[in-house]
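This is what each chain is made of:
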Amino acid sequence: MTETTRAAIIHAAHDLRIEPCEVPAAGPHEVRVRVRAGGICGSDLHYFNHGGFGAVRLREPMVLGHEVAGEVEAVGASVTRVRPGDRVAVNPSLPCGQCRFCLLGMANHCLDMRFYGSAMRFPHVQGGFRETLVCHESQAIPADMPAGRAAFAEPLSVCLHAARQAGNLMGARVLVTGAGPIGALCAMAARHGGARDIVATDLMAAPLATIARVAADRALNLREQPDALAPYAADKGYFDVVFECSGTAAALSGALPVARPGAVIVQVGLNSGEATLPLNLLVAKEISLRGTFRFHEEFALAVDILARGAMDVTPLLTETLPLHEARRAFRLASDRNQAMKVQLAF
Ligand SMILES: [Zn+2]
Ligand SMILES: [Zn+2]
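None of the values given here were measured: they were computed from a predicted structure. (Residues numbered from 1 in each chain as written. Chains lettered and ligands numbered in written order. Predicted model: local features only at pLDDT ≥ 70, side-chain atom pairs only at ≥ 80, totals over all residues. Heavy atoms only, no water.)

**A closer look at the overall build of the protein chain**
Then comes step 1: Of regular secondary structure, the protein chain possesses 10 helices and 20 strands.
Then comes step 2: Radius of gyration (C-alpha) of the protein chain: 20 Å, near the 20 Å computed for a compact globule of 346 residues.
Then comes step 3: Projecting the C-alpha coordinates of the protein chain onto the three principal axes gives extents of approximately 70 × 40 × 35 Å.
Then comes step 4: Across the 346 residues that make up the protein chain, the buried fraction comes to 51%.
Then comes step 5: Residue pairs at least 24 apart in sequence account for 67% of intrachain contacts in the protein chain once pairs closer than 6 positions are excluded.
Then comes step 6: Summed over all atoms, the accessible surface of the protein chain reaches about 15,200 Å², with 53% contributed by carbon and sulfur. (Helix = DSSP H or I, 4+ residues; strand = E, 2+ residues; numbered from the N terminus. Rg over C-alpha atoms; globule rule 2.2 N^0.38 Å. Buried < 20%, exposed > 50% of the residue type's maximum accessible area, 1.4 Å probe, protein only. Contact = heavy atoms within 4.5 Å. Areas by Shrake-Rupley, 256 points an atom, 1.4 Å probe, with all protein chains shown as cover.)

Encoded structure:
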């Protein structure tokens, strides 16, 4: 008889159901985790609100979620890294370890990546919003802290990887465009890396108030004050580093006049995927425009930072709702005026 667990399964846009799903038997190198907390991410919201993003579309029901933490229930015979009872953060990425990019140390570009709750491949990789999950032991990272905090390891990893793309942040003047959870964690990562002055922009007051609380020295509302960045364009620009987290063409083109010659712009956000840019500024100021995609070894670093309390993410957690209220949680998480990060409790 197959064992089942309750999970949050997306069938189509706005069709999220709490249903049973199968729990596979744990293999010798696998770990069975009792999930306790799961953060709702922008990509989960894309599946919930639009059935996917870009070319990535839902083609079969899929368990959502990739920001999960809990405790180890049981381990396979060959597992050595964790024991039953250990608290763990679950790394949602499982690269193959053998392809060209894995061998180059770029496992986030693995050609055979299995990433939780992703419809990028078919059959889709089922996600972590379930009471019990079975993962490879390399994915269960000991995280001695409350599960709600440990569930921030994944989004923080994304931002630590983005910070790495930026290069040296010691003493840097940093602009963060887009003040949602990823913008806020990028600002915190920049501060952690030694940034001297952090300015954040958004079009909404609520996320700006939060980012000002956790990391930004100044939070500018560009809806109320469209010219608020103008003073930073003086003398060829002020910012050494820009984290563009809104995924909008307007934010990226608006960053070019205020980035100084030689600045690095890290494009973190991804919405339409299309942008028109004042390339003359990119060329004349020798600005580097860099992408950033997921993370790899940064996951363990994120767990370490959170466990030590070196970054306090509590102001980012808006609310925690039980699994049976998942639909309400997803609607709340979709409203940027009300919510920063919303988590499910399992
Ligand atoms: Zn995420
Ligand atoms: Zn690979």
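**Remarks on the side chain of T5**
Then comes step 1: Counting through the fold element by element, T5 comes out in strand β1 (residues 3–12).
Then comes step 2: A relative accessible area of 5% places T5 in the buried class.
Then comes step 3: Setting aside residues up to four positions removed in sequence, T5 forms contacts with E19, P20, C21, V23, R130, E131 and T132.

**Focus: the environment of D44**
Then comes step 1: Residue placement: D44 occurs in helix α1 (residues 42–50).
Then comes step 2: Distance in space between the C-alpha atoms of D44 and Q225 is 31 Å, their sequence separation being 181 residues.
Then comes step 3: Each residue touching D44, except ones within four places of it in the same chain, is listed here: G39, L64, G65, H66, F129 and F330.

**Details of the sheet that holds strand β15 (residues 218–221)**
Each strand in a sheet pairs with its neighbour through backbone hydrogen bonds, running either in the same direction (parallel) or in the opposite one (antiparallel).
Then comes step 1: Strand order in the open sheet made by the six strands is β15-β14-β13-β16-β17-β18, with parallel pairing throughout. Strands with a single pairing partner mark the edges of an open sheet, and in this sheet they are β15 and β18 (288–291). Between one strand axis and the next, the sheet turns through 20 degrees on average, direction left out of account.
Then comes step 2: Note that strand β13 (residues 173–177) and strand β14 (residues 197–202) share five bridges and pair parallel. (Pairing = 2+ DSSP bridges. Axes fitted to C-alpha atoms, helices over the stretch in contact; angles between N-to-C directions.)

**Here we look at the coordination of the zinc ion (ligand 1)**
Then comes step 1: At the metal site, the zinc ion (ligand 1) is ligated by C41 (SG), H66 (NE2), E67 (OE) and E154 (OE), and these contacts range over 2.2 to 2.5 Å.
Then comes step 2: Read from N- to C-terminus, the donor residues coordinating the zinc ion (ligand 1) fall into the pattern C-x24-H-E-x86-E. In this pair, C41 sits in the loop between β3 (30–39) and α1 while E67 sits in strand β7 (residues 67–75), placing the two residues 26 residues apart along the sequence.
Then comes step 3: Overall, the relative accessible area of 1% leaves E67 in the buried class. (Donors = N, O, S within 2.8 Å, 3.2 Å for Na, K, Ca; no water.)

**Description of the coordination of the zinc ion (ligand 2)**
Then comes step 1: Coordination of the zinc ion (ligand 2) by the protein involves C96 (SG), C99 (SG), C102 (SG) and C110 (SG), with metal-donor separations of 2.3 to 2.4 Å.
Then comes step 2: Between the four donor atoms coordinating the zinc ion (ligand 2), the angles at the centre fall across 102 to 117 degrees, so the site counts as tetrahedral.
Then comes step 3: Read from N- to C-terminus, the donor residues coordinating the zinc ion (ligand 2) fall into the pattern C-x2-C-x2-C-x7-C. Note that C99 is positioned in the loop between β9 (93–94) and α2 (100–103) and C110 in the loop between α2 and β10 (114–115), a separation of 11 residues in sequence. (Tetrahedral: all angles 85-135°; square planar, octahedral: opposite > 155°, others 65-115°.)

**A word on the nonpolar core**
Then comes step 1: Grouped together as the largest cluster of nonpolar side chains are 61 residues, with contacts concentrated most on L169, V174, I211, F243 and L316.
Then comes step 2: Examining the composition of this core, we find that eight residues originate from one element, helix α4 (residues 153–166), more than from any other.
Then comes step 3: With sequence-adjacent residues up to four places away left out, L316 is seen in contact with F152, A184, L185, M188, T210, V214, M340 and K341.
Then comes step 4: One finds V56, V68, V79 and L323 within the second-largest nonpolar core, a separate group that totals 42 residues. (Core = buried A, V, L, I, M, F, W, Y, C linked by side-chain atoms within 4.5 Å.)

**Quick word on the packing of aromatic side chains**
Both the distance between ring centres and the angle between the ring planes are used here to describe each pair of aromatic rings.
Then comes step 1: Taken as a whole, this structure holds nine aromatic pairs when the rule is applied.
Then comes step 2: Ring centres 5.1 Å apart and planes at 50 degrees place the aromatic pair F48 and F330 in the tilted group. One end of the pair, F48, is in helix α1; the other, F330, is in helix α10 (residues 326–333), with 282 residues separating them in the sequence.
Then comes step 3: Of the residues examined, F48 reaches a relative accessible area of 3% and is grouped as buried.
Then comes step 4: Ring pairing ties together the aromatic residues F48, F129, F330 and F346, which thus form one cluster.
Then comes step 5: Over the ring of F122 we find R59, and its NZ or CZ is 4.2 Å from the ring centre.
Then comes step 6: Directly above the aromatic system of F115 lies the positively charged group of R294, at a separation of 3.9 Å from the ring centroid. (Phe/Tyr/Trp six-rings, centres within 6.5 Å; stacked < 30°, edge-to-face > 60°. Lys NZ or Arg CZ within 6 Å of the ring centre and 35° of its normal.)

**Notes on the sheet that holds strand β2 (residues 15–23)**
Then comes step 1: Pairing is antiparallel across the open sheet formed by three strands, whose spatial order is β2-β1-β6. Both outer strands of the open sheet, β2 and β6 (62–63), are each paired with one neighbouring strand and no more.
Then comes step 2: Sheet topology places β1 next to β6; two bridges connect them, and they run antiparallel. Bridge pairing in β6 places I9 opposite V63.

**Thoughts on the pairing of β3**
Then comes step 1: The element β3 is extensively covered by neighbouring structure, given that eight of its 10 residues are classed as buried.
Then comes step 2: Two strands pair when backbone bridges link them, and β3 and strand β11 (residues 132–136) are joined in this way by five bridges, in the antiparallel orientation. Residue pairing across strands places E30 opposite H136, the latter belonging to β11.
Then comes step 3: Here β3 runs beside β7; their pairing, made up of eight bridges, is antiparallel. Bridged to V33 within β7 is V72.
Then comes step 4: Two strands pair when backbone bridges link them, and β3 and strand β20 (residues 341–345) are joined in this way by three bridges, in the antiparallel orientation. Bridge assignment links A37 to a residue of β20, and that residue is A345.

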